[in-house]
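# Survey of secondary and tertiary structure
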2 protein chains.
Amino acid sequence: MEYYSNYISKLIEQLTNLPGIGSKSAGRLAYYILNMNVEDVNLLADTIKEARANVRYCKECFTLSDSEVCPICANPNRNHKVIMVVENTRDLAAYEKTGKFDGVYHVLHGAISPMAGVFAEDIKLKELIVRLEKDVDEVIIATNSSVEGETTAMYISKLLKPTGIKISRIASGVPVGGDLENIDEVTLLRALEGRTEL
Amino acid sequence: MEYYSNYISKLIEQLTNLPGIGSKSAGRLAYYILNMNVEDVNLLADTIKEARANVRYCKECFTLSDSEVCPICANPNRNHKVIMVVENTRDLAAYEKTGKFDGVYHVLHGAISPMAGVFAEDIKLKELIVRLEKDVDEVIIATNSSVEGETTAMYISKLLKPTGIKISRIASGVPVGGDLENIDEVTLLRALEGRTEL
């Protein structure tokens, strides 16, 4: 492309690698970035690098965290005997925004999806089992109500049955096929209240 | 936000500063970036920095360029006596993609919009006048067919009238209210062919 500089072409190429950004959006973003102050651009780039370099998995719940143990797991006022299992950190954030759940979380980083080549051993399930060796009263399964999320919920419930720990599933107040993070807080709370034992 | 790490919060904040990216998209992007390889993340960040650090305005046409003079202005096979005036580099790219325009460009970096506080002196108009001291046969005004683009076209045509240089406007084959970059090549070419003298 003679009409675009190499730097712009490379920038557009990098941006189109990101999810939900097509070549047109990438062009618009690149053009915007090139018209920003140098300081602001460097801040953006450094923030990206630093976030990736410093964010790690919490060694307890495996959410993305700045510290070895995330603030939720490190909080003695949370009920560490109730573990809510979610697919990812954004789903954790969705429940945290309701401000009404005082237990802790377990982040699976995915859901079982044989079609996509994601099996039980590819998500943080072994790590959940290890946590149940401590004193746990209830495991609330809050995976999405998609096919993968339901499959994962069923798998976990069968896996944990022998432990005798109470296992529950958030109610199907959550619309079928929806992603947790897009759902309003009232619906999220109704789903939590209406959870049924598996 | 206790549930997000500081690094993630900062990253989301930076990403929401970009056009067309709301807090939900920013969260999705941030999460995606944090799950990328460190090398890929560094490449993304470095590409952003390098593009901003190295891209400058072509000293002839003011398009975004890697070099002091852009490849189009430096090309002796282009007709340097025909200048197409566009609002920005993406509009230039839209006409370049047709492969049928062999003249050169002049990039205004904006359009006159008193409502938005953009006046004639805020866009690269003085620079266009300077270029007309050389031997120029025609100035084709290819600003968008929005209110701002039409205003700019009228302003330029009045400004250049005394020079006696032929001034034309791309035909209104371009849908009113549309942005040049979103228009198909056939329509762009029809608009070029049907240009009328002002």
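Here is what the cut-offs are and how they apply
Residues numbered from 1 in each chain as written. Chains lettered and ligands numbered in written order. Predicted model: local features only at pLDDT ≥ 70, side-chain atom pairs only at ≥ 80, totals over all residues. Heavy atoms only, no water. Helix = DSSP H or I, 4+ residues; strand = E, 2+ residues; numbered from the N terminus. Buried < 20%, exposed > 50% of the residue type's maximum accessible area, 1.4 Å probe, protein only. Contact = heavy atoms within 4.5 Å. Areas by Shrake-Rupley, 256 points an atom, 1.4 Å probe, with all protein chains shown as cover. Lys, Arg positive; Asp, Glu negative; His and termini not counted. Charge placed at Lys NZ, Arg CZ, Asp CG, Glu CD. Polar contact = N/O pair within 3.5 Å; in protein donor to acceptor, adjacent residues only side chain to side chain. Expected span 1.5 Å × (residues − 1). Arc of directions from axis to C-beta. Buried area = accessible area lost by both parts, 1.4 Å probe. Salt bridge = Lys/Arg side-chain N within 4 Å of Asp/Glu carboxyl O.

## Notes on the overall build of chain A
In terms of helices and strands, chain A carries eight helices and seven strands. A principal-axis box enclosing the C-alpha atoms of chain A has dimensions of 65 × 35 × 35 Å. Looking at chain A as a whole, 53% of its 198 residues qualify as buried. At a minimum sequence separation of 6, the contacts of chain A that also span at least 24 residues come to 55%. Summed over its atoms, the accessible surface of chain A is roughly 9400 Å², and 51% of this surface lies on carbon and sulfur atoms. The positive charge centre, built from 22 side chains, and the negative charge centre, built from 28, are 2 Å apart in chain A.

## Examining the side chain of T89(A)
Residue and element names in this part refer to chain A. With respect to the secondary-structure elements, T89 resides in helix α5 (residues 89-98). What makes T89 buried here is its relative accessible area of 0%. Within the structure, the side chain of T89 is placed 3.0 Å from the side chain of T63, a separation counted as a polar contact.

## Remarks on helix α7 (residues 147-160) of chain A
Residue and element names in this part refer to chain A. Helix length check: α7, at 14 residues, gives a terminal C-alpha distance of 20 Å against a target of 20 Å (1.5 Å per residue), a fit within 8%. Within the span of α7, buried status applies to G149, T152, A153, I156, S157 and L160. Along α7, the residues classed as buried sweep out an arc of 130 degrees about the axis, all on the same side. Turned more than 90 degrees away from the buried face of α7, the exposed residues are V147 and K158.

## Some thoughts on the interface of chain A and chain B
On the side of chain B, 60 residues touch chain A, which itself brings 60 residues to the contact. The contact between chain A and chain B buries some 5700 Å² in all, and 67% of this surface belongs to carbon and sulfur atoms. Where chain A touches chain B, the interface holds two salt bridges. Here D46(B) ties to K49(A) by a salt bridge, and the two come within 2.7 Å at their closest N and O atoms. Elements with a contribution of two residues or more to the side of chain A that touches chain B: α1 (6-16), α2 (23-34), α3 (38-54), β2 (64-65), α4 (71-74) and α5 of chain A. Sorting elements by how many residues they give to the side of chain A that touches chain B places α3(A) first, with 15 residues.

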